[in-house]
Amino acid sequence: MDKAKEEPDFGFLILIMLAIWQGSWLQYDYGLYKILFIGSLIWIPSLFRGGTAVASFVPRPTRPFAITLGAIIFFSGALAQRTEQQEKILWRDPIPMRWYSDLANLRHKVGNRPVLLVCDNAF
């Protein structure tokens, strides 16, 4: 028997645990981004392999329709999440900042909401 099939993929398990740790427990978005970016060598091929495995369960005549429907549902969910996140960013109410020291008081102005820093006229 093939040794690779006997042992679970610990690299993928570690990637999932690190993503949960950074995303849920620490709520450190940049750390989660780096884990997902570095782990993309693992999870992107896994997504395609998983999609192929799921598609093999669908009867052959309806497989193209099921794959298209799954892709539409996936991308609709991603678009809905993106628009939801965009509504939370205060890009409509700019708060002018003159110096870096003003950033220390930024939490008093916005609370725990996400902040978008635009540095158009930095220099």
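Preceding block: the structure.
The shown structure was predicted, so the numbers you read here are calculated from the model rather than taken from an experiment.

Chemist: Looking at this structure, I do not really get the overall build of the chain. What am I missing?
Modeler: Scanning the chain from N- to C-terminus turns up six helices and zero strands. Listed N to C, the secondary structure of the chain is α-α-α-α-α-α in terms of helices and strands. Within the chain, the proportion of its 123 residues that are buried is 8%.

Chemist: When you look at the side chain of Gln 22 in this model, what are you seeing that I'm missing?
Modeler: Among the structural elements, Gln 22 can be located in helix H2 (residues 10-25). Residue classification places Gln 22 among the buried residues on the basis of a relative accessible area of 9%. Residue contacts for Gln 22: discarding those within four places in its chain leaves Gln 27, Tyr 28, Gly 31, Leu 32 and Ile 35.

Chemist: Teacher, can you tell me more about the packing of aromatic side chains here?
Modeler: Going through the model one piece at a time under the given rule, you end up with four aromatic pairs. When the centroid spacing of 5.9 Å and the interplanar angle of 35° are considered together, the rings of Tyr 30 and Tyr 33 count as tilted. Taken together, the positions of Tyr 30 and Tyr 33, both in helix H3 (residues 29-38) and three residues apart, correspond to about one turn of that helix. Given the relative accessible area of 49%, Tyr 30 is considered partly exposed. Taken together, Tyr 28, Tyr 30, Tyr 33 and Phe 37 form an aromatic cluster joined through their ring pairs.

Chemist: Looking at this model, I keep getting lost on the packing of H2 against helix H4 (residues 40-55). Mind explaining?
Modeler: Two measures define how a pair of helices packs: the angle their axes make with one another and the distance between the axes. Contact geometry for H2 and H4: axes closest at 10 Å, N-to-C directions at 105°. Between H2 and H4, the angle falls in the class roughly perpendicular. Touching Gly 11, Phe 12 and Leu 15 of H2 are Ile 42, Trp 43 and Ser 46, all from H4. For the contact of H2 with H4, a count of residues per class yields four nonpolar, two polar and no charged.

Chemist: Explanation requested: unusual backbone geometry in the structure shown.
Modeler: With the exception of glycine, most residues fall at negative phi, and the peptide bonds are largely trans. Positive phi values are uncommon outside glycine, yet Gln 27 reaches one of about 50°. Position of Gln 27 relative to the elements: it lies in the loop between H2 and H3. In this structure Gln 27 comes out as exposed when scored by relative accessible area, which is 62%.

Conventions used here
Residues numbered from 1 in each chain as written. Predicted model: local features only at pLDDT ≥ 70, side-chain atom pairs only at ≥ 80, totals over all residues. Heavy atoms only, no water. Helix = DSSP H or I, 4+ residues; strand = E, 2+ residues; numbered from the N terminus. Buried < 20%, exposed > 50% of the residue type's maximum accessible area, 1.4 Å probe, protein only. Contact = heavy atoms within 4.5 Å. Phe/Tyr/Trp six-rings, centres within 6.5 Å; stacked < 30°, edge-to-face > 60°. Axes fitted to C-alpha atoms, helices over the stretch in contact; angles between N-to-C directions. Parallel < 35°, antiparallel > 145°, perpendicular 65-115°, else oblique. Nonpolar A, V, L, I, M, F, W, Y, C, P; charged D, E, K, R; others polar.

So yeah, pure geometry; function would need other evidence.
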